[in-house]
Amino acid sequence: MGRHLATALDEYGDIWGITDKELLFAITKYKNQLEMDVPHTDDFEIDEIIKQGMDLDNILKEEDNGDY
């Protein structure tokens, strides 16, 4: 648990005077970062992400034209 608290509060430096709201914000932000960090183990999913990244210009053009 100490590792998680240390990571969540790393940006604050000296935490002696941290308020409850700041502590809650830091822990919530850390929790959200952990939830977003999902491993991609499926090779098809990784290949699809790479393929979409290589075709990013066309995707952005479609969005600009409202074709998404």
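Residues numbered from 1 in each chain as written. Predicted model: local features only at pLDDT ≥ 70, side-chain atom pairs only at ≥ 80, totals over all residues. Heavy atoms only, no water.

Time to look at the overall build of the protein chain. If you tally the helices and strands in the protein chain, you get four helices and zero strands. Across the protein chain, helices and strands are ordered from the amino to the carboxyl terminus as α-α-α-α. Counting all 68 residues of the protein chain, 6% fall into the buried class. Roughly 6,400 Å² of accessible area belongs to the protein chain as shown, and the carbon and sulfur atoms make up 56% of that amount. (Helix = DSSP H or I, 4+ residues; strand = E, 2+ residues; numbered from the N terminus. Buried < 20%, exposed > 50% of the residue type's maximum accessible area, 1.4 Å probe, protein only. Areas by Shrake-Rupley, 256 points an atom, 1.4 Å probe, with all protein chains shown as cover.)

This part takes up a negative patch on the surface. A cluster of acidic side chains, namely D42, D43, E45 and D47, defines a negative patch on the protein surface. Along the chain, the position of D42 falls in the loop between α2 (20-36) and α3 (43-54). (Patch = residues over 30% accessible without salt bridge, like charges linked within 9 Å, V, L, I, M, F, W, Y side chains within 5 Å. Salt bridge = Lys/Arg side-chain N within 4 Å of Asp/Glu carboxyl O. Lys, Arg positive; Asp, Glu negative; His and termini not counted. Charge placed at Lys NZ, Arg CZ, Asp CG, Glu CD.)

Moving on, we come to the pattern of salt bridges. As enumerated under the stated definition, the model contains two salt bridges in all. Among the salt bridges present, the one from K31 reaches E35, with a minimum N-O distance of 3.0 Å. With K31 and E35 both in helix α2 and four residues apart, this pair spans about one turn of that helix. Given a relative accessible area of 47%, K31 falls into the partly exposed group.

So, about the environment of L5. Of note, L5 is situated in helix α1 (residues 2-8). Counting along the chain gives 18 residues from L5 to L23, while the straight-line C-alpha distance between them is 9.6 Å.

So, on to a nonpolar patch on the surface. A contiguous nonpolar surface patch, about 380 Å² in accessible area, is contributed by M1, L5, L23 and I27. By the element assignment, I27 lies in helix α2. A relative accessible area of 34% places I27 in the partly exposed class.

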